[in-house]
Amino acid sequence: MSSDYPFADGYNLVWDLTGFGADEEIAHSVSLSRDQFLEIRHLFVLGDDPWMVAGEYHVAPSIWPHLSRTVPGFGFQREVDYFLGARQALPDGRFWRPAVGVTAPGPVPPP
C-alpha cells in the first residue's frame, strides 16, 4: 500500500460522470464504481493523475459509446457537455472531493 492510502489505487473513490447543459446547469449525473472506472480509464490521457483526483476531464463524444456500455441506461445528448472526475467516498456515506494537501474528514477505513 502506498503513502496515498486510503485512496491509493483508486480505493475509496467514486467517479462522477456529469453533463452540463447550455445554461451550465447539471443535465445528467451518475457515479461510477472503481470497477466501472477501470473499464474506461484507458480512454483518457491522465498523465500523472491516473485516478482523476486532480480535476474534471472532458468526455469527448467519440468515447460516449464506450461509456454507454460501462454505464447502462445513461443516455448522452449532443447539446450537453460531459465531464468525469473523482471524489472521495467516505466510510460514513458522505462524499468529499479531494484537494491537494487536505486530509479526509472523518475516520479512515482500514487497508
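Residues numbered from 1 in each chain as written. Predicted model: local features only at pLDDT ≥ 70, side-chain atom pairs only at ≥ 80, totals over all residues. Heavy atoms only, no water.

### Things to note about the overall build of the protein chain
Secondary structure summary: the protein chain contains 2 helices and 5 strands in total. Within the protein chain, buried positions represent 36% of all 111 residues. (Helix = DSSP H or I, 4+ residues; strand = E, 2+ residues; numbered from the N terminus. Buried < 20%, exposed > 50% of the residue type's maximum accessible area, 1.4 Å probe, protein only.)

### What about the pairing of strand 1 (residues 13-20)?
Remember that side chains alternate between the two faces of the sheet whenever the strand is regular. Within strand 1, 7 of the 8 residues are buried, which leaves the element mostly enclosed by the surrounding structure. Bridge count for strand 1 against strand 4 (residues 81-89) is 8 bridges, and the pairing is antiparallel. The residue of strand 4 that forms the bridge with W15 is A86. Once strand 1 ends, the chain turns through 5 residues before running back antiparallel as strand 2 (residues 26-32), passing E24 with a positive phi of about 65 degrees. (Pairing = 2+ DSSP bridges.)

### Quick word on the confidence of the model for the protein chain
Of the residues in the protein chain, 73% have a pLDDT of 70 or more, and the chain-wide mean is 81. Across the protein chain, the secondary-structure element scoring lowest on mean pLDDT is strand 5 (residues 95-96), at 54, and the one scoring highest is strand 3 (residues 57-59), at 96. (pLDDT = per-residue confidence, 0-100.)

### Thoughts on the pattern of salt bridges
A side chain of one charge can pair with a side chain of the opposite charge if their charged atoms are brought near each other. Tallying each qualifying case throughout the model produces 1 salt bridge. Residue R87 pairs with D16 through a salt bridge whose shortest N-O separation is 2.3 Å. Residue R87 is located in strand 4, and its partner D16 is located in strand 1; the two are separated by 71 residues in the primary sequence. For the pair R87 and D16, one class covers both residues: buried. (Salt bridge = Lys/Arg side-chain N within 4 Å of Asp/Glu carboxyl O.)

### Details of the environment of P65
Looking at the element boundaries, P65 is found in helix 2 (residues 64-70). For the pair formed by P65 and F76, sequence separation is 11 residues and the distance between their alpha carbons is 9.0 Å.

### Points about the environment of I40
By secondary structure assignment, the location of I40 is in helix 1 (residues 34-40). Separated by 29 residues in the primary sequence, I40 and R69 place their C-alpha atoms 9.7 Å from one another. Those residues in contact with I40, other than ones at most four positions away along the chain, are L32, H66, L67, T70 and L84. (Contact = heavy atoms within 4.5 Å.)

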